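The chain contents come next:
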Amino acid sequence: MTAFRAAEGSLMEISVFGLGYVGCVSAACLAGRGHQVVGVDVNPLKIDLVRAGKAPVVEERIGELTSEVVRSGALRATTDVAEAIANSEVSLVCVGTPSAPNGSLSTTYLERVTEQIGAALAEQDRRHTVVFRSTMLPGTCLDLLVPILEKASGRTAGVDFGVAVNPEFLREGSSVRDFLDPPKTVIGELDAASGDAVSRLYEGLPGEVFRVPIPVAEMTKYADNAFHGLKIGFANELGAVCWALGLDSHRVIDVFLADRKLNISPAYLRPGFAFGGSCLPKDLRGLVYAAHRADVSVPILENVLPSNEEHLQRAFDLVARTGKRRIGLFGLSFKPGTDDLRESPLVELAERLLGKGYDLRIYDANVSLSRLMGANREYIESRLPHLGQLLVGSVAEVLDHAEVCLVGSTDPAVLALLPHNGPTLIDLVRMPDAEVRRAEEGYVGLAW
């Protein structure tokens with residue numbers, strides 16, 4: 001633990017509420033870094049185990065570490081909430097948030113301990129920061145827990161006491177290693193002082209630190225775990241298809257994993273518009289067809305295209321909600337810088353708009369009806385036979401026509417001419433100035 005010991009000036013007094021996997025590991029690791037830590041739990045058996053230098057959970061390295069920090073006096077345990085709050089400047093709340101059979105989150109334990117902490121804060125005259133590490137849905141902290149703290153303490157969050165959300169990314173079986181070598185540290189802060197207090201806890205540890213609004217921090221744990229589950233399900237479904245076709249799935253995945261540019265990378269992981277083109281839809285259909293022929297159920301793979309359709313429908317619904325009929329569309333090809341229209345989601349969106357009677361004009365600098373040929377021309381003639389009447393030659397022509405503009409292009413020449421506070425802009429690509437435009441009336445982001 002010496003290499004990970006906190007600097008002398010950043011050492012703190014910390015209380016940790018809930019001594020399950022997350023709380024027990026957090027308490028022992030923070031104590032091992034030199035902080036003074038008191039663990040709090042309603043279960044007297046867990047308290048007795050910690051006092052005896054034994055970890056309440058079975059986990060690699062946690063037994064030896066707990067014994068070491070209890071022996072040194074850096075970690076102790078109590079059932080007394082008020083005493084723990086009185087002797088700490090930061091509290092980590094690590095109680096469970098189990099789910100009901102319908103998927104809803106149970107916040108019973110969270111609410112109970114939050115009320116107890118709030119009551120204890122009423123007796124304190126120094127600033128204390130309450131840090132929630134429990135996994136909870138966005139809105140739980142600000143809409144549920146902060147009001148409980150304020151009511152029980154009679155004080156104001158962000159003024160009289162701090163509040164933060166600090167999700168954990170610990171894997172059972174390697175929790176101690178993950179705590180000391182985190183992939184990242186996420187701090188959802190109510191105010192800068194709250195974030196500063198949490199940041200001190202992890203000072204000197206590796207990994208990038210993200211200081212973000214509280215709801216963003218709450219959501220990051222769900223983003224991670226959903227993607228982990230998706231990856232496992234994807235690998236298993238692909239393995240089942242490979243097995244049915246007589247292939248060694250591990251050899252296939254070895255090749256897949258070697259691609260760090262597109263496969264194991266940030267590529268394709270930014271929310272945007274639906275995918276399309278001549279490859280992805282076709283190959284997904286082909287793989288699902290092969291699986292069905294081999295009698296292999298692949299619910300993840302067979303729902304990728306329907307999910308994509310739903311995302312396209314979201315864009316159409318945003319137009320419909322405006323109640324306006326004159327629509328402009330910037331972009332038509334499936335990928336910027338090309339004139340390939342095959343299975344372009346923008347073509348599909350244009351088709352749906354026309355089918356519902358919208359008056360549409362389209363501008364794409366790369367698309368000229370006279371230059372389209374082969375399969376590309378055949379495709380567009382079957383989907384938008386009157387494309388020549390819809391295409392216009394300039395951004396200005398679209399803006400003169402449209403009450404609603406759909407931005408499906410990242411062409412700088414287009415983006416530079418889009419007005420502020422003009423017609424309704426439905427952003428399908430997250431324009432570079434989206435953060436600024438979000439404050440403007442009429443701007444709508446598809447998924448941000």
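Per an unreviewed UniProt entry, the protein chain goes by GDP-mannose 6-dehydrogenase and derives from Amycolatopsis marina. Word for word, the UniProt comment on the protein chain under Sequence similarities (unreviewed entry) is "Belongs to the UDP-glucose/GDP-mannose dehydrogenase family." For the record of the protein chain, the UniProt heading Pathway (unreviewed entry) holds the text "Glycan biosynthesis; alginate biosynthesis."

Visitor: Lay out the UniProt feature "active site" (unreviewed entry) in the protein chain in plain terms, naming residues and giving numbers.
Guide: UniProt's entry tags Cys-279 with the feature "active site" (unreviewed entry), counted in the numbering of this structure. Along the chain, Cys-279 falls in the loop between α10 (249–257) and α11 (280–293). Here Cys-279 falls in the partly exposed class, since its relative accessible area comes to 45%.

Visitor: Tell me what's going on with empty space enclosed by the protein, and back it up with residues and numbers.
Guide: Applying the stated criterion across every chain yields a total of four cavities of 30 Å³ or more. Looking at the largest cavity, its volume works out to about 120 Å³. Taken together, the elements giving at least two residues each to the lining of the largest cavity come down to α7 (175–180) and β7 (184–189). With three residues, the top contributor of residues to the lining of the largest cavity is β7. Residues of the lining of the largest cavity, tallied by class, amount to nine nonpolar, two polar and four charged. There is about 50 Å³ of room inside the second largest cavity. If you trace the second largest cavity, you find it lined by Pro-419, His-420, Asn-421, Gly-422, Pro-423, Leu-425, Arg-437, Glu-440, Glu-441, Gly-442 and Tyr-443. Of the residues that constitute the lining of the second largest cavity, the class distribution is four nonpolar, four polar and three charged.

Visitor: Lay out the domain arrangement of the protein chain with the relevant residues and their values.
Guide: As assigned here, the protein chain comprises domain 1 (13–214) and domain 2 (306–445). Relative placement of domain 1 and domain 2: their C-alpha centres are 48 Å apart.

Visitor: Tell me what's going on with the pattern of salt bridges, and back it up with residues and numbers.
Guide: Should the charged atoms of two oppositely charged side chains come close, the side chains can pair. Tallying each qualifying case throughout the model produces 25 salt bridges. Between Asp-224 and Lys-184 there is a salt bridge, with its nearest N and O atoms 2.7 Å apart. On the criterion of sequence distance, the pair formed by Asp-224 in helix α9 (residues 214–244) and Lys-184 in strand β7 is long-range, its members being 40 residues apart. Here Asp-224 falls in the buried class, since its relative accessible area comes to 18%. Its salt-bridge partner being Glu-403, residue Arg-326 comes within 3.9 Å of it at the nearest N-O pair. With Arg-326 in strand β9 (residues 326–330) and Glu-403 in the loop between α17 (395–401) and β11 (404–407), this pair connects stretches of sequence that are 77 residues apart. Here Glu-403 falls in the partly exposed class, since its relative accessible area comes to 25%.

Thresholds, definitions, all that
- Residues numbered from 1 in each chain as written.
- Predicted model: local features only at pLDDT ≥ 70, side-chain atom pairs only at ≥ 80, totals over all residues.
- Heavy atoms only, no water.
- UniProt positions renumbered as here; feature names shortened; annotations may be inferred.
- Helix = DSSP H or I, 4+ residues; strand = E, 2+ residues; numbered from the N terminus.
- Buried < 20%, exposed > 50% of the residue type's maximum accessible area, 1.4 Å probe, protein only.
- 1 Å grid on protein atoms, 1.4 Å probe; cavity = no way out; pocket = protein on both sides within 12 Å on 5 of 7 lines; lining within 4 Å.
- Points joined across faces, edges and corners; volume = space filled by probe spheres on them.
- Nonpolar A, V, L, I, M, F, W, Y, C, P; charged D, E, K, R; others polar.
- Domains from an automatic or database assignment.
- Salt bridge = Lys/Arg side-chain N within 4 Å of Asp/Glu carboxyl O.

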